[in-house]
Amino acid sequence: MSAADDLFREEIRSWLETNCPVSMRTPMPADEYPGGGRRARYRNPDTKLWMDRMAARGFTVPLWPRAYGGAGLDKAQNRILQEELQRINARPALVGMGISMIGPALLEYGTEEQKLEHLPSIARGDIWWCQGYSEPNAGSDLASLRTSAVVDGDDYIINGQKIWTSGADHADWMFCLVRTDPQAPKHQGITFILFDMTTPGITVKPILLISGYSPFCETFFDNVRVPRRNVVSQVNQGWTVAKRLLQYERTSIGGIGNSGQKAVTLEELAREYVGVHEGRIADPVLRADILRHRMNDRAFGLTMKRSQEEMTAGIAPGAMSSLFKYYGTEQNKGRYELTLALMGTSGVGWEGEAFGAVELDATRGWLRSKANSIEGGTSEVQLNILAKRVLDLPE
Ligand SMILES: Cc1cc2nc3c(=O)[nH]c(=O)nc-3n(C[C@H](O)[C@H](O)[C@H](O)COP(=O)(O)OP(=O)(O)OC[C@H]3O[C@@H](n4cnc5c(N)ncnc54)[C@H](O)[C@@H]3O)c2cc1C
């Protein structure tokens, strides 16, 4: 570390001391999601204050250029910032598809006009983005999508349906895949386009789950008029942008078990629920399971870190993102399975005074983790990509 880096650390530490509200230094509750957006409601006003303060410094997207709302930090400075945030156990100030998916894709493929229009508002958390990829008959085989976009003067007219659109009922804008050339081979007739969710002709229907939540929606398009200038990259070449965005999404989902915040560890849970015998976790089978999980976590963490450093150096994650997505989500599911094994019946509560907050969060987290290996492309699809693109195996 250079003297300049030491000075930077000192400045960041003192800025965080003054600007990170005390309540933002506690673990993020499972049902809290600082995604921003025009319709955001904040149960804790500190969440918004923290978001605004971080955004004003460009720290919600520290590596983006200042012109687009970032802080323009270099790799070493960003590492210092992350270490200092972790040191005080700060919650992420802003999360969501804006900063993790469409933002990076626009940095790479957007026009200057598109970057200036969208990136600063993403960095501030002003706009909540949703992803219009999956359709009723296009999930794993995404390139079979049929939502159509037909040119009409300076606009496209969009018709069709998306499904599983996470947060569409809260979203302000959508990045969407549409078919612009039905005659072309399926990967070549797709265009990547952006539009405001208040555009006439868009209907959003939340899908109600048995949990009582509606985390995703059906989204219908009925003659939705979208300016042609909202196309990202070239018409009919949207598949290239779509794939790159999926790589960012998969890398981000792969890091799901590692928010940077201190969480209750498996060892702590084991001590509480299983007990200790002669200084060791009392149950030898669970002890071995925890050790194995911890070693795999450590190895995976180091691999992720290497890739993150490559990304900050401008190397996109590529097909290796499938490895992160596959392994990270399997690890996360494994962690919740172990959590429940340690907690026993205390880990399967849904409501009621018999269960503590950590226990109720564990049940919800365990159920939610099952979706990790589906969203962003299933585990089977990731294994196919790894076989083909990384290991070069025949189809
Ligand atoms: C929590 C959650 C959030 C989501 N959010 C969004 C969102 O915001 N926007 C969006 O567009 N989509 C979203 N999705 C949809 C998600 O991308 C799809 O569910 C996923 O791509 C799988 O598609 P599918 O559900 O149609 O399953 P299918 O493609 O029908 O797959 C069914 C099963 O067949 C297997 N399978 C399919 N093809 C193959 C193959 N070639 N080889 C081996 N096995 C195969 C799959 O692995 C799976 O087990 C979300 C999904 C979840 C669970």
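Residues numbered from 1 in each chain as written. Predicted model: local features only at pLDDT ≥ 70, side-chain atom pairs only at ≥ 80, totals over all residues. Heavy atoms only, no water.

Let's talk about the site of the ligand
Lining the immediate surroundings of the ligand are 19 residues, of which Ser 134, Ser 140, Trp 164, Thr 378 and Glu 380 lie closest. Tyr 133 places a main-chain nitrogen or oxygen 3.0 Å from an oxygen atom of the ligand. Among the secondary structure elements, those contributing two or more residues to the shell around the ligand are β3 (155-166), α10 (357-372) and α11 (379-390). The greatest single-element share of the shell around the ligand, amounting to 3 residues, is contributed by β3. Taken together, the residues that form the shell around the ligand break down as 6 nonpolar, 10 polar and 3 charged. Two domains each put at least three residues into the shell around the ligand: domain 2 (129-238) and domain 3 (255-390). (Near = heavy atom within 4 Å. Polar contact = N/O pair within 3.5 Å; in protein donor to acceptor, adjacent residues only side chain to side chain. Helix = DSSP H or I, 4+ residues; strand = E, 2+ residues; numbered from the N terminus. Nonpolar A, V, L, I, M, F, W, Y, C, P; charged D, E, K, R; others polar. Domains from an automatic or database assignment.)

Observations concerning the environment of Tyr 156
Mapping Tyr 156 onto the fold places it in strand β3. Separated by 73 residues in the primary sequence, Tyr 156 and Arg 229 have C-alpha atoms spaced 9.6 Å apart. Setting aside chain neighbours within four positions, we find Tyr 156 in contact with Ala 149, Val 150, Val 151, Thr 180, Ile 193, Val 224, Arg 225, Val 226, Arg 228, Val 231 and Val 235. (Contact = heavy atoms within 4.5 Å.)

Let's talk about the domain arrangement of the protein
Its domain assignment divides the protein into domain 1 (3-95), domain 2 (129-238) and domain 3 (255-390). The C-alpha-based centres of domain 1 and domain 3 are spaced at 24 Å. Counting the surface lost from both domain 1 and domain 3, the interface buries some 880 Å², and carbon and sulfur atoms represent 46% of this. Per-residue buried area on domain 1 facing domain 3 is highest for Lys 75, Gln 86 and Asn 89; these three make up 46% of the total on that side. (Buried area = accessible area lost by both parts, 1.4 Å probe.)

Overview of the pattern of salt bridges
One pass over the full model with this rule turns up 22 salt bridges. Taking the shortest distance from any N to any O, the salt bridge between Arg 9 and Glu 83 comes out at 2.8 Å. Of the two residues, Arg 9 sits in helix α1 (residues 3-19) while Glu 83 sits in helix α3 (residues 75-87), which places them 74 residues apart along the sequence. For Lys 162, the salt bridge identified is with Glu 135, shortest N-O distance 2.9 Å. Of this pair, Lys 162 sits in strand β3 while Glu 135 sits in the loop between β1 (129-132) and β2 (148-152), and the two are 27 residues apart along the sequence. Each member of the pair, Lys 162 together with Glu 135, is buried. (Salt bridge = Lys/Arg side-chain N within 4 Å of Asp/Glu carboxyl O. Buried < 20%, exposed > 50% of the residue type's maximum accessible area, 1.4 Å probe, protein only.)

Topic: the side chain of Asn 332
Locating Asn 332 in the fold gives a position in helix α9 (residues 321-343). With a relative accessible area of 6%, Asn 332 lands in the buried category. In this structure the side chain of Asn 332 is engaged in a polar contact, spanning 2.9 Å, whose partner is the side chain of Asn 372.

A few points about unusual backbone geometry
Here Trp 164, not a glycine, exhibits a phi torsion of approximately 60 degrees, which is positive. With respect to the element layout, Trp 164 can be found in strand β3.

So, α10
One turn of an α-helix holds 3.6 residues; hence residues three or four places apart share an orientation. Taking 1.5 Å of rise per residue, 16 residues should cover 22 Å, and α10 covers 22 Å from first to last C-alpha, within 8% of that figure. Of the residues making up α10, those classed as buried are Glu 359, Leu 360, Ala 362, Thr 363, Gly 365, Ser 369 and Asn 372. Considering only its buried residues, α10 is in contact with α6 (238-254), α7 (266-273) and α9. (Expected span 1.5 Å × (residues − 1).)

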